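Topology and contacts: notes
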Protein chains: 2
Amino acid sequence: MDGDVDVPAGIQRALSAFLDRQEQRLAAIGPELTEQVQAARDATSGGKRLRPSFCYWGFRAAGGDPALPILPAAASLEMLHVSALVHDDVMDSSDVRRGAPAAHRRFEALQRERAEKSGYGGDPVGFGVGAAILLGDLCLIWADELLHTSGFDAAALARAEQYFDAVRVEVTAGQYLDLVAQASGESDMDLALRVLRYKSATYTIERPLHIGAALAGGDAHLISALSGYGLPLGEAFQLRDDLLGVFGDPALTGKPAGDDLREGKRTVLIAYAVDHASEAQLVEFDRLFGRPDLDDDEIQLLREILQDSRAVQACEDLITDRTEDALDALDRAPLADDAARKALTDLAVAATSRVV
Amino acid sequence: MDGDVDVPAGIQRALSAFLDRQEQRLAAIGPELTEQVQAARDATSGGKRLRPSFCYWGFRAAGGDPALPILPAAASLEMLHVSALVHDDVMDSSDVRRGAPAAHRRFEALQRERAEKSGYGGDPVGFGVGAAILLGDLCLIWADELLHTSGFDAAALARAEQYFDAVRVEVTAGQYLDLVAQASGESDMDLALRVLRYKSATYTIERPLHIGAALAGGDAHLISALSGYGLPLGEAFQLRDDLLGVFGDPALTGKPAGDDLREGKRTVLIAYAVDHASEAQLVEFDRLFGRPDLDDDEIQLLREILQDSRAVQACEDLITDRTEDALDALDRAPLADDAARKALTDLAVAATSRVV
């Protein structure tokens, strides 16, 4: 519950209603498509609904009338997020998402079942990857459809579209930077900071706020004030996420312990460690980091290097600083609504401590 | 040249200008993104511009004023097409597109070059796949942005959006049906016909006509008349494409001879052959069809089975019938413009004989 409205519940309703309509439409093309709609239902269930929440409160911050269809419009950001996650899991060959099989693994299992019945082996891995690419495409298309069929008038939609275009391109560009960073085999602080910003910060907080505010007719002054809050907070959010990827409890993250170390994710945390580790630590680090078969002891060893090089402390300090900057900016921001100020304060804590 | 305007040249200009703007925007995120923009430029160059051409003439057929920005709007369909091709090539592991390396192979080669310089091997194949998934995503996002930033007013865009939403979902659904068909290891005429319709027919001709007509304010009667022309013509177009995938000249198709036989594409042509082949032919067919290492003699053997089972003749007959149905429907259609009638007649020939 954020403030006076249960945004996550409203987002769930909007997503379910939208997917009901899509299921009817796709049934006309073929019963096989039910598999895609079901995968979309599962992929869009759960999660903290951070992006739609920021969109909702950006709308309220600009004085938007809660009787307008802001929840379906905000749900578009959850659909966009799911599209990015599904494609990201294919690119990273991740097996697990939110404690359940990743979409490509789910389709792979479906095809294995079918193959067992028909006796034709085929290529279940290839089917899984192909089907997940298409699921991500559908969610990307549906994100847009959710927004422009939400019920806002054409003028409001035209104001929001420039930010919606920006966020879609930014997150895709950020993913590409991440891919380049992983492929380089090196840690580069400048590149890690740009991945942090575009793959996550603008996309999770700043742009959702902008889209909500634009739908409500917020002016340039408010949009800029929301950036002052959203950008540092988005960076703090992702720094927390990076720490959880290494130190997080699998029961809370929905991913195996130390998963980011096995994947070799070149985060700001890692870039700091590489810049500040001793030579002996660096040798050990290079030997272990990014090996898919790391055991618990090796994970522990890498964690110690991150602690001892003070990389963990540096990230914690950054999180604290950026969150404070965000809250200071929020104090000064010309919000139209006190409930929005309260909700955005609560969300700042929730996004950076990840205990929602 | 179609009628009184050079649509392909106008589409090329619109795509280049749009990608120039995107390049500037992405440069702010990082110089690495130039690689994505360059890949998009190459992927959107060449081709027959069939989809934008049908969109343009649908607009003119509805009495649209050619001084309006119909070419940038129509270019959105070429961008959508490129998105589908890039993802399709990843799903099929195709090496070649339009005579050049497929996008994922191109990114793979880029990463190999970088890896040679840095001495870090990494995973160039994984990089290629990931980068091509992101390129397809960018083109899908840009298709939408091209349409809604084309310069049409909000009312015209709102009319066109329902058809744009439909075509994006239909082509993705059609791709999924195709994936299911390939994975089944069987030929099923009903499924092959649905793939034909949704993966290609509606997407190549009917929906582009609808989008153009809707932008011009065409009424329901015209929209329906355009379906009468577009749907059968779209099916004839894809049947021709299926024949070319087996019998086509590599110099014209931009793909190796008999490529669809190596890939094991379960087309209407193949479904017909399987339904009508003798038992001896069927044994031979099952032994060879879909084997990636088929040599020229084996390709020739499969071609003979397709001829002898009369599958080729059946497809040719279908192409003739559907094209005639399309032209009859065009004769009766209430078009606002004689140039449009002439151009759509010419396009019907061009799309089904593939000699443009």
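Predicted model only: the values in this text are computed from it and were never measured.

Remarks on the overall build of chain A
A count of helices and strands for chain A gives 16 helices and two strands. For chain A, whose C-alpha radius of gyration is 21 Å, the value lies close to the compact-globule estimate of 21 Å for 356 residues. Overall size of chain A, expressed as C-alpha extent along the three principal axes, is 60 × 60 × 30 Å. The buried share of chain A, reckoned over its 356 residues, is 58%. For chain A, contacts bridging at least 24 residues in sequence account for 75% of all contacts bridging at least 6. Carbon and sulfur atoms make up 51% of the accessible area of chain A, which amounts to about 13400 Å² in all. Looking at chain A, you have 35 positive and 59 negative side-chain charges, and the mean spots of the two groups are 3 Å apart.

Some remarks on the pattern of salt bridges
Taken as a whole, this structure holds 52 salt bridges over all chains when the rule is applied. Between E145 of chain B and R25 of chain B there is a salt bridge; the shortest N-O distance is 2.9 Å. Placement of E145 of chain B in helix α6 (residues 124-148) and of R25 of chain B in helix α1 (residues 7-27) is noted, with a sequence separation of 120 residues between them. On the basis of relative accessibility, which here comes to 8%, the residue E145 of chain B falls in the buried class. A relative accessible area of 28% places R25 of chain B in the partly exposed class. The network of salt bridges with shared partners includes D95, R105, E108 and R112 of chain A.

Let's talk about the interface of chain B and chain A
Opposite the 54 residues of chain B that make contact, chain A presents 54 residues. A combined buried area of about 4600 Å² lies between chain B and chain A, and 68% of that area is made up of carbon and sulfur atoms. At the boundary of chain B with chain A, the tally comes to four salt bridges. Between R168 of chain B and D144 of chain A there is a salt bridge, with the nearest N and O atoms lying 2.8 Å from each other. Between the two partners, chain B and chain A, sit 16 residue pairs in polar contact (both at pLDDT 80 or more). Counting residues per element, the ones that place at least two in the side of chain B that touches chain A are α1, α2 (34-43), α4 (70-92), α5 (103-118), α6, α7 (154-184) and α8 (189-215) of chain B. Among the elements that take part in the side of chain B that touches chain A, α7 of chain B stands out by supplying 17 residues, more than any other. Of the residues assigned to the side of chain B that touches chain A, the class counts are 29 nonpolar, 13 polar and twelve charged.

Comments concerning the environment of R262 of chain A
All names here are of chain A. Here R262 shows up in helix α11 (residues 259-263). When the C-alpha positions of R262 and D293 are compared, they lie 7.0 Å apart, and in sequence the two are 31 residues distant. Those residues within four positions of R262 in sequence are excluded, and the remaining contacts are P256, A257, G290, R291, P292, L294 and I299.

Some words on the relation of the copies chain B and chain A
Turning chain B through 180 degrees and shifting it by 0.0 Å along the axis lays it on chain A, with an RMSD of 0.0 Å. The operation mapping one copy onto its partner corresponds to a two-fold rotation axis. In terms of C-alpha distance to the rotation axis, chain B has A154 of chain B as its closest residue, with the C-alpha 3.0 Å off the axis. Taken together, the interface assignments show that 100% of the residues at the interface of chain B recur at the interface of chain A, consistent with an identical surface on both copies.

Points about the nonpolar core
Nonpolar side chains tend to gather and get buried jointly when the protein is soluble and globular. Core analysis: the biggest nonpolar cluster contains 188 residues, and F54, L215 and Y229 of chain A together with F54, W142, L215 and Y229 of chain B have the highest contact counts within it. Both domains that furnish three or more residues to this core are identified here as domain 1 (1-46 + 69-151) and domain 2 (157-356) of chain A. Look past the residues within four positions of Y229 of chain B in its chain and what remains in contact with it is F54, I205, L209, A326, A329, L330, L344, L347 and A348 of chain B.

Notes on the environment of E116 of chain A
Residues and elements named next belong to chain A. In this fold, E116 is placed in helix α5 (residues 103-118). Judged by relative accessible area, E116 falls into the exposed class, the value being 70%. Between the C-alpha atoms of E116 and A213, which are 97 residues apart in sequence, the distance is 52 Å.

Examining the domain arrangement of chain A
All names here are of chain A. The domain architecture assigned to chain A consists of domain 1 (1-46 + 69-151) and domain 2 (157-356). A C-alpha centroid distance of 24 Å is found between domain 1 and domain 2. Tallying the contact residues gives 24 residues for domain 1 and 15 residues for domain 2. Summing both partners gives a buried area of about 1700 Å² for domain 1 against domain 2, and 67% of it is carried by carbon and sulfur. It is L77, L80 and L147 that lose the most area in domain 1 upon contact with domain 2, and together they represent 29% of the buried surface on that side. For the interface between domain 1 and domain 2, the tally reads one salt bridge. With its nearest N and O atoms 3.7 Å apart, the salt bridge here joins D88 to K199. Where domain 1 packs against domain 2, one counts two residue pairs in polar contact (both at pLDDT 80 or more).

Describing helix α15 (residues 311-332) of chain B
Residues three or four positions apart in an α-helix share a direction because the helix packs 3.6 residues into each turn. All names here are of chain B. Relative to the 32 Å expected for 22 residues at 1.5 Å per residue, α15 spans 32 Å between its end C-alpha atoms, a close match to the ideal helical length. Listing the buried residues of α15 in full gives A311, V312, A314, C315, I319, T323, A326, A329 and L330. Down the axis of α15, the smallest arc covering the buried residues is 160 degrees, so these residues share one side. Facing away from the buried surface of α15 by more than 90 degrees, the exposed residues are D331 and R332. Against α9 (220-247), α12 (268-276), α14 (296-308) and α16 (338-353) lie the buried residues of α15.

Quick word on helix α3 (residues 50-61) of chain B
Residues and elements named next belong to chain B. Along its twelve residues, α3 runs 16 Å from first to last C-alpha, staying within 8% of the 16 Å computed at 1.5 Å per residue. Most of α3 is tucked away: twelve of the twelve residues are buried. The complete set of buried residues in α3 reads L50, R51, P52, S53, F54, C55, Y56, W57, G58, F59, R60 and A61. Looking at the buried residues of α3, the elements they touch are α1, α4, α8, α9 and α16. Just past α3, the residue G63 takes up positive phi, approximately 85 degrees.

Quick notes on the packing of aromatic side chains
Scanning all chains against the criterion turns up 14 aromatic pairs over all chains. Summarising the aromatic geometry, the rings of F127 of chain A and Y176 of chain B are spaced 6.0 Å apart at their centres and angled 50 degrees between planes, so their arrangement reads as tilted. In this pair, F127 of chain A sits in helix α6 (residues 124-148) while Y176 of chain B sits in helix α7, so the two residues belong to two different chains. With a centroid separation of 4.7 Å and an interplanar angle of 20 degrees, the aromatic rings of F285 of chain B and F289 of chain B are classed as stacked. Judged by its relative accessible area of 2%, F285 of chain B falls in the buried class. Residue classification places F289 of chain B among the buried positions, given a relative accessible area of 10%. Following the ring pairs from residue to residue traces out a cluster consisting of F107 and F127 of chain A together with Y176 of chain B.

A word on the state of the cysteines
Structurally, a disulfide amounts to a covalent bond that connects the sulfur atoms of two cysteines. Residue and element names in this part refer to chain B. Within this structure, the stated rule accounts for zero disulfides over all chains. Among the cysteines around C55, which has no disulfide bond, C139 carries the closest sulfur, lying 18 Å off. Classification of C55 by relative accessible area gives buried; the value is 0%.

The rules we used
- Along each chain, residue indices are assigned from 1 in the same order as the chain's sequence is written.
- Working convention: letters from A go to chains and numbers from 1 go to ligands, in the order in which they are written.
- Local features in this predicted model are restricted to residues of pLDDT 70 or higher, and side-chain atom pairs are both shown and tallied only at a pLDDT of 80 or more, whereas totals for entire chains, interfaces and linings draw on every residue.
- Note: side-chain values were computed over all heavy atoms of the structure, leaving out hydrogens and water.
- Numbering of helices and strands runs from the N terminus, with a helix taken as a DSSP run of H or I at least four residues long and a strand as a DSSP run of E at least two residues long.
- A radius of gyration in this sense is built from C-alpha atoms; the matching globule rule multiplies 2.2 Å by the number of residues raised to 0.38.
- Buried, partly exposed and exposed residues are distinguished by accessible area as a fraction of the type maximum, computed with a 1.4 Å probe on protein chains only: under 20%, between the cut-offs, and over 50%, respectively.
- What makes two residues a contact is simply this: any of their non-hydrogen atoms within 4.5 Å.
- Here the open area of atoms and residues is found with the Shrake-Rupley method and a 1.4 Å probe, where only the protein chains shown may cover a residue.
- The positive count covers Lys and Arg only, the negative count covers Asp and Glu only, and His and the chain ends enter neither.
- One atom stands in for each charge, and that atom is NZ of Lys, CZ of Arg, CG of Asp or CD of Glu.
- Here, a salt bridge means any Lys or Arg side-chain nitrogen found within 4 Å of an Asp or Glu carboxyl oxygen.
- Buried area counts how much accessible surface, traced with a 1.4 Å probe, disappears from two parts once they are put together, with both parts' losses summed.
- Side-chain atoms alone can form a polar contact between residues adjacent in sequence; in general such a contact is a pair of N or O atoms within 3.5 Å, and within protein one must be able to donate a hydrogen while the other accepts it.
- Residue type decides the class: Asp, Glu, Lys and Arg count as charged, Ala, Val, Leu, Ile, Met, Phe, Trp, Tyr, Cys and Pro as nonpolar, and the leftover types, Gly among them, as polar.
- The copies are overlaid by a least-squares fit using only the C-alpha atoms of residues whose pLDDT is at least 70 in both copies.
- Joining through side-chain atoms within 4.5 Å is the link that ties buried Ala, Val, Leu, Ile, Met, Phe, Trp, Tyr and Cys residues into a set, and such a set is a nonpolar core.
- Domain segmentation is taken from an automatic or database assignment of domains.
- One fewer than the residue count of a helix, multiplied by 1.5 Å, yields its expected span.
- In this description, one arc is meant: the one made by directions from the helix axis to the C-beta atoms.
- For this analysis, a ring pair means two rings from Phe, Tyr or Trp (six-membered ring only for Trp) whose centres lie within 6.5 Å, classed as stacked if their planes differ by under 30 degrees, edge-to-face if by over 60, and tilted for the remaining angles.
- When the sulfur atoms of two cysteines come within 2.5 Å, that pair is taken as a disulfide.

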